[in-house]
Amino acid sequence: MNSSDLSLQRRWWIVVLLSASIGINLVDRQVLSVVAPVLRQQLSLTNTQYSYIILAFQLGLLLAQVPAGVFLDVIGPRLGFIAIFVSWSVTNGLHALSRGVASLCGLRFLLGVSECGDYSGGIKVIAEMFPAENRAMAGGIFNGGAQLGAVIAPPLVVLITIHWGWRAAFLLPSALGLLWLLPWLALYPRSAAKNPNPAAARRAFNLRPGFLRAKKLLRNRQVLGVMLFRASTGPLTSFYWYWLPEYLRFGRGMPFVEIGLVAWMPYIAGAFGNVAGGYVSDFMIKRGTSVDGARKASFIFGAALSSLSLTLPFIGSMTLAITAICVIVLGNQWMVASYIGMMGDLFPSEIVATVNGLGGVADSGVGMVAMLLTGIVIDHFSYMPVLIAAGVLPVISVLAVVLVIRRIARVEMSFDAAL
């Protein structure tokens with residue numbers, strides 16, 4: 001039985017469960033950023049040292065993206081998600097034992113290694129289960145879980161930190177990942193547990209024992225476009241995930257308790273952007289717009305909204321600033337929903353996770369540099385240069401689609417020939 005043979009209702013329930021998975025992923029990932037103002041004071045960390053900790057996480061993502069994608073393409077999502085959830089839940093809980101920069105860097109590195117497969121696995125399942133006219137909507141619901149996780153994290157983590165300290169804030173959310181496995185094993189059928197054609201997937205990349213001939217994929221223009229798109233959208237997403245509490249506290253002077261009350265708002269907007277962006281893109285296709293035209297229109301609209309980061313340095317009102325950040329995150333996630341749909345439009349499902357892994361390498365590589373430079377620039381200058389750069393990145397992402405990918409349509413790839 002192929003995953004596409006599942007009932008439509010069951011497929012949508014699996015998407016909801018995948019959305020919950022990435023929500024848990026983001027709760028665990030965001031604990032550090034929410035407790036950062038307290039943790040930095042207790043451990044005497046500078047902005048630059050905090051950047052090193054974020055850098056370690058990005059390095060883990062960078063090194064594990066392609067291996068995680070290959071792992072999921074070959075072993076399949078059912079068993080792959082078990083390995084991913086157990087490893088990241090345990091690693092996140094171990095953060096409670098941290099004593100300084102070195103231990104935090106080591107644990108963040110391991111968390112990056114263990115978490116990166118969740119996103120690629122979700123995109124792979126959606127590419128297998130849904131046609132083009134439903135794919136971006138499914139992707140929007142899936143990725144919307146990241147924003148809902150970011151909504152839950154600030155009040156939950158602030159509450160835990162106030163009552164039991166920042167170490168407990170790492171322990172309690174870690175149990176959620178292990179609990180998620182129970183409905184996953186019940187919903188995802190054993191008959192769809194493996195790649196329907198794992199031998200073809202291996203031949204597509206000319207696998208050697210322990211190595212992937214990724215250079216074959218890197219000759220493909222569309223793969224390069226995906227990598228450039230991820231490289232220009234990822235750092236913007238990461239900035240609002242990792243630096244928003246810091247920006248509100250030290251860039252805007254907001255008290256720590258108030259951060260827990262308002263920091264969730266941009267992520268609600270982002271969740272709406274995921275679902276609305278996916279819905280609008282798919283709706284246009286159903287009404288007769290070409291896949292290429294619908295996806296590109298969605299990218300351009302989302303980029304226009306997320307470029308409003310350029311205005312933040314010039315907004316004095318706290319209310320207007322929060323509103324602008326909500327619109328920015330909405331636009332960024334509008335683009336991400338279309339990206340998830342586009343992956344299934346472009347590539348065969350047998351290799352979607354691996355191609356997304358290559359995109360993740362670009363995302364993490366640029367993100368490492370961007371997050372490091374963010375701390376250095378803030379320490380030596382201000383948030384203004386960072387916010388201006390964040391406003392330029394969405395323009396680059398649109399250019400990646402229009403000039404590098406060009407036409408959004410299925411890329412013909414022979415599994416038996418060099419790519």
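Refer to the structure above for everything that follows.
Every chain is numbered on its own, with residues counted from 1 as its sequence reads. Predicted model: local features are reported for residues with pLDDT of at least 70 only, side-chain atom pairs are reported and counted for 80 or more only, and whole-chain, interface and lining totals are derived from all residues. For side-chain calculations, the full set of non-hydrogen atoms in the structure is used, while hydrogens and water are omitted.

(A) Structural detail: the nonpolar core. Ranked by size, the top nonpolar core spans 120 residues in total, and within it Leu-39, Tyr-240, Trp-243, Leu-248, Leu-312, Tyr-339 and Phe-347 carry the most contacts. Examining the composition of this core, we find that 16 residues originate from one element, helix α15 (residues 318-346), more than from any other. The contacts of Leu-39, once residues within four sequence positions are left out, are Leu-32, Ser-44, Leu-45, Leu-104, Trp-166 and Phe-170. Among buried residues, the Ala, Val, Leu, Ile, Met, Phe, Trp, Tyr and Cys ones that are joined through side-chain atoms within 4.5 Å form a nonpolar core. In this scheme, a residue with accessible area under 20% of its type's maximum is buried, one over 50% is exposed, and one in between is partly exposed, where area comes from a 1.4 Å probe on protein chains only. Where helices and strands are cited, they refer to DSSP runs of H or I of at least four residues and of E of at least two residues respectively, numbered from the N terminus. What makes two residues a contact is simply this: any of their non-hydrogen atoms within 4.5 Å.

(B) A nonpolar patch on the surface, seen in detail. A contiguous nonpolar surface patch, about 580 Å² in accessible area, is contributed by Leu-228, Leu-310, Phe-314, Met-384, Ile-388, Val-392 and Ile-396. Considering every element that reaches the nonpolar patch, the biggest residue donor is helix α17 (residues 384-405), with four residues. Its place among the elements puts Ile-388 in helix α17. With a relative accessible area of 34%, Ile-388 lands in the partly exposed category. Residues with no salt bridge and a relative accessible area higher than 30% make up the patches, which join like charges within 9 Å and nonpolar side chains (Val, Leu, Ile, Met, Phe, Trp, Tyr) within 5 Å. Only the protein chains shown count as covering a residue, and every accessible area follows the Shrake-Rupley method with a 1.4 Å probe. The rule for a salt bridge is simple: a side-chain nitrogen of Lys or Arg has to be within 4 Å of a carboxyl oxygen of Asp or Glu.

(C) Representation of the packing of aromatic side chains within the structure. Any Phe, Tyr or Trp ring, taking Trp's six-membered ring, that has another such ring centre within 6.5 Å forms a pair; planes under 30 degrees apart are called stacked, those over 60 apart edge-to-face, and the others tilted. Applying the stated rule across the entire model yields 16 aromatic pairs. A centroid spacing of 4.8 Å and a plane angle of 55° characterise the contact between Trp-12 and Phe-130, whose relative ring orientation is tilted. Remark: Phe-130 occurs in the loop between α5 (117-129) and α6 (132-164) and Trp-12 occurs in helix α1 (residues 8-43); sequence separation between them is 118 residues. Overall, Phe-130 belongs to the buried group, its relative accessible area being 3%. Taken together through their ring pairs, the aromatic side chains of Phe-81, Phe-85, Trp-88, Trp-180, Trp-184 and Tyr-188 make up a single cluster. Put simply, a charge is over a ring when the Lys NZ or the Arg CZ is close to the ring centre, within 6 Å, and near the line of the ring normal, within 35 degrees. Positioned above the aromatic ring of Phe-130 is the side chain of Arg-11, whose terminal nitrogen or guanidinium carbon lies 6.0 Å from the ring centre.

(D) Region of the structure containing the environment of Leu-63. The topology assignment puts Leu-63 in helix α2 (residues 47-75). Residue Leu-63 is classed as exposed on the basis of its relative accessible area, which comes to 52%. The sequence separation of Leu-63 and Ala-96 amounts to 33 residues, and the corresponding C-alpha distance is 24 Å.

(E) Just the pattern of salt bridges, in detail. If you walk through the whole model with that rule in mind, you get six salt bridges. Linking Lys-124 and Glu-128 is a salt bridge whose minimum nitrogen-to-oxygen distance equals 3.2 Å. With Lys-124 and Glu-128 both in helix α5 and four residues apart, this pair spans about one turn of that helix. Both residues of the pair, Lys-124 and Glu-128, count as buried. Among the salt bridges present, the one from Lys-296 reaches Asp-292, with a minimum N-O distance of 3.1 Å.

(F) Region of the structure containing α2. Expected helix span is given by 1.5 Å per residue-to-residue step, counting one fewer step than there are residues. The end-to-end C-alpha distance of α2 is 40 Å, a good match for the 42 Å that 29 residues give at a rise of 1.5 Å each. Here the bend at a residue means the angle between the axes of two seven-residue stretches, the one that ends at it and the one that starts at it. Ala-64 marks the point of greatest bend in α2, at about 45°, and the proline Pro-67 comes within the next four residues. Backbone geometry just after α2 places Gly-76 at a positive phi near 95°.

(G) Representation of unusual backbone geometry in the model. With a phi angle near 65°, Arg-406 is a residue other than glycine that sits in the positive phi range. Locating Arg-406 in the fold gives a position in the segment after α17.

(H) View of the side chain of Thr-161. Among the structural elements, Thr-161 can be located in helix α6. Of note is the side chain of Thr-161, whose polar atom sits 2.7 Å from the backbone oxygen of Val-157. If we skip the residues at most four places from it in the chain, Thr-161 touches Val-35, Val-38, Trp-166 and Ala-169. For the purposes of these results, a polar contact is taken to be a pair of N or O atoms within 3.5 Å, where, inside protein, one atom must be able to donate a hydrogen and its partner to accept one; residues adjacent in sequence count only when each atom of the pair is a side-chain atom.

(I) Here's a closer look at the packing of α1 against helix α7 (residues 166-187). Remark: α1 packs on α7, axes separated minimally by 9 Å, with the N-to-C direction vectors making an angle of 170°. The pairing of α1 with α7 is recorded here as roughly antiparallel in orientation. Residue type decides the class: Asp, Glu, Lys and Arg count as charged, Ala, Val, Leu, Ile, Met, Phe, Trp, Tyr, Cys and Pro as nonpolar, and the leftover types, Gly among them, as polar. Split into classes, the residues belonging to the contact of α1 with α7 amount to 23 nonpolar, four polar and two charged. As a rule, the C-alpha atoms of each element are fitted with a line to give its axis, helices using only the stretch in contact, and angles between N-to-C directions run from 0 to 180 degrees. Each angle receives one of four descriptions, namely roughly parallel if under 35 degrees, roughly antiparallel if over 145, roughly perpendicular if within 65 to 115, and oblique otherwise.

(J) Summary view of the environment of Leu-79. When you line up the elements, Leu-79 lands in helix α3 (residues 77-94). In the structure, Leu-79 is positioned 245 residues away from Ala-324 in sequence and 41 Å away in space, judged by C-alpha atoms.

(K) Molecular detail of the side chain of Lys-296. Here Lys-296 is to be found in helix α14 (residues 291-306). What makes Lys-296 buried here is its relative accessible area of 18%. In this structure Lys-296 touches Val-401, Arg-406, Arg-407 and Ile-408, once residues within four positions along its chain are discounted.

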